[in-house]
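# Inside the fold
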Amino acid sequence: MGRKASCEIYRSLALRRNLMSSENQYDAVIIGAGVIGSAVAYELAQRGWRTCNIDKLPAAGYGSTSNSCAIVRFSYSTYQGVAMSYEGMHYWTDWENYLGGPEIDESGLIEFRQTGTALIKAPDGHHQKVTPLLEELSIPHEHWDLNRLSERLPILDHGVLGPPSRPEDESFWADSTDDIEGALFTPESGYVSDPQLSSHNLQRAAEACGAEFRFGQTVVAINSEDNRTTGVCLEDGTEIQSPVVVNVAGPHSYLINDLAGLAGTMNITTKALRHEVHHVPSPEGFDFEADGLHISDGDAAVYFRPAVGNNILIGSEDPECDVKEWVDPDDFDQEIRDDQWEAQVLRCARRVEGLGLPHEKKGVVDLYDVSDDWIPIYDRTDLDGFYVAIGTSGNQYKNAGVAGHCMAELITAVEAGHDHDTDPIKVIGRYTGLEMDLGFYSRNREINPNSSFSVNG
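Residues numbered from 1 in each chain as written. Predicted model: local features only at pLDDT ≥ 70, side-chain atom pairs only at ≥ 80, totals over all residues. Heavy atoms only, no water.

## Things to note about the packing of helix H3 (residues 79-93) against helix H11 (residues 400-415)
- Put simply, H3 and H11 touch, their axes get as near as 7 Å, and they point 110 degrees apart. Relative to H11, the element H3 is oriented roughly perpendicular. Of H11, the residues touching H3 (which contributes Met84, Glu87, Gly88, Tyr91 and Trp92) are Ala400, Gly401, Val402, His405 and Cys406.
- Tallied by class, residues from the contact of H3 with H11 come to 6 nonpolar, 3 polar and 1 charged. (Axes fitted to C-alpha atoms, helices over the stretch in contact; angles between N-to-C directions. Helix = DSSP H or I, 4+ residues; strand = E, 2+ residues; numbered from the N terminus. Parallel < 35°, antiparallel > 145°, perpendicular 65-115°, else oblique. Contact = heavy atoms within 4.5 Å. Nonpolar A, V, L, I, M, F, W, Y, C, P; charged D, E, K, R; others polar.)

Written out as structure tokens, the structure reads:
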């Protein structure tokens, strides 16, 4: 059954209405109202585009964005990853001005807490990939020896704990025979206080520029004619006309691509990965909420940062010993599991002295939209007018502002006739002046061997 025929079936279920009225005609329809979808709306609306975000959930940022660890850091293993994340950080430090003032959102604005990041210098050598990139891009950083690390965080154990394993393995409990080297510290990184609110901030800023948002509505068909998108059809039968459609549907992105008839047309694909993040109290006598940092610890296979109530938020760095659970984004187990709770908390407890394993499990379970190499796809597609900002793998929250800007630049150029496939767009960062080559994020790239193939918030 074709997409147009499918839309006709859904449309016949609705009451007759004037579907060709101007209220259902836009310059761009954006599927998804998470933090990146809302940023794309804001950037396009600022350029004079009439946009409409459609999301099946009840509010902006209500899906996987709401459960993001919202960490802002630059510890990527590729030049483009570091450049985009450093440019992206400046959107958060300039958030109020970027959105148009503190009064833009009646709910208030988010806070960017620049705790800094300490990347543990462990035998895996990830810091050795990151350091030259920080130097090349003139990003402030410090090399901490163990004495400096102890001064800043006296609760950290200095033993080498890897290679990562699980608590049921005998090797997990082996005593360390060596010490880590220290840490690579980037003082400008940190985390955002409320990821869902950041999406609402962007929604309100976009609406102030004329953008519209429709919640509680599901896209069931992508309409096209002569290999050109003409809009979308909603579950209630409403047909929305638009020459541009942008897929920013997070873990559902591959399903939206399928609706557009794009299955098998991209060299890089995406799928939904179930993930858990846990919350535990800080060790007694240490105020981690006030004095803690974001710690990236590939040696212990966890990252952690301060959380409200003097808690520690613990996420996984996806070691090979953990089975990855690829799921249907509409049908997955949303309960914290005993085995993963114990694995992640105990891994952190081996690094953080005095950290216990609470009987009560606290945390969240949600999904990552993971590409084949864990690097996002910011690109056009083989269907003219259909664009994707997908495969964000749980780590692109930090890049929402710059990703929105890059997508708007890409869409504007391609719609004006630029051949992005043969001559990839290069975007100059509005804050740092760094050049971001969007060809790096192509749907047709080869899998990047320099990727870390993991996430760190």
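## Regarding helix H5 (residues 126-136)
- All buried positions along H5 are accounted for by His126, His127, Val130, Thr131, Leu133 and Leu134.
- Of the surrounding elements, those touching the buried residues of H5 are H3, strand S5 (117-121), strand S6 (142-144) and strand S7 (182-186).
- Of the residues flanking the end of H5, it is Ser138, one or two places downstream, whose phi is positive at about 55 degrees. (Buried < 20%, exposed > 50% of the residue type's maximum accessible area, 1.4 Å probe, protein only.)

## Comments concerning the sheet that holds strand S11 (residues 229-234)
- Taking strand neighbours across the sheet as the criterion, the 3 strands line up as S10-S11-S12 in an open arrangement whose pairing is antiparallel. The open sheet is flanked by strand S10 (219-224) and strand S12 (239-241), the only strands paired with a single partner. Taken over all neighbouring pairs, the strand axes of this sheet differ in orientation by 25 degrees on average, direction set aside.
- Pairing of S10 with S11 involves 5 bridges; the strand directions are antiparallel. Across the sheet, the residue bridging to Ala221 is Cys233, located in S11. (Pairing = 2+ DSSP bridges.)

## Topic: unusual backbone geometry
- Pro163 follows Gly162 through a cis peptide bond whose omega is 0 degrees.
- Position of Pro163 relative to the elements: it lies in the loop between helix H6 (146-152) and S7.
- The phi dihedral of Ala301 falls on the positive side, at around 70 degrees, and the residue is not glycine.
- Along the chain, the position of Ala301 falls in the loop between strand S15 (294-297) and strand S16 (302-307).
- What makes Ala301 buried here is its relative accessible area of 2%.
- Of note in the backbone geometry, Asn310 takes a positive phi value of approximately 55 degrees without being a glycine.

## What about the nonpolar core?
- One finds Ile36, Trp92 and Met407 to be the most contacted residues of the largest nonpolar core, which totals 68 residues.
- It is H11 that contributes the most residues to this core, 9 residues altogether.
- Filtering out sequence-adjacent residues up to four positions away, Met407 remains in contact with Val40, Val246, Tyr378, Asp379, Tyr387, Val388 and Ala389.
- Of all hydrophobic cores here, the second largest spans 35 residues; its members include Leu156, Ile314, Ile336 and Trp341. (Core = buried A, V, L, I, M, F, W, Y, C linked by side-chain atoms within 4.5 Å.)

## Quick look at the pairing of S15
- Side-chain alternation along S15 places His294 and Ser296 on one buried face and Ile295 and Asp297 on a second face that is also buried.
- Inspection of the sheet shows S15 paired to S16 by 3 bridges, in the antiparallel sense. Opposite Asp297, over in S16, you have Val302 as the bridge partner.

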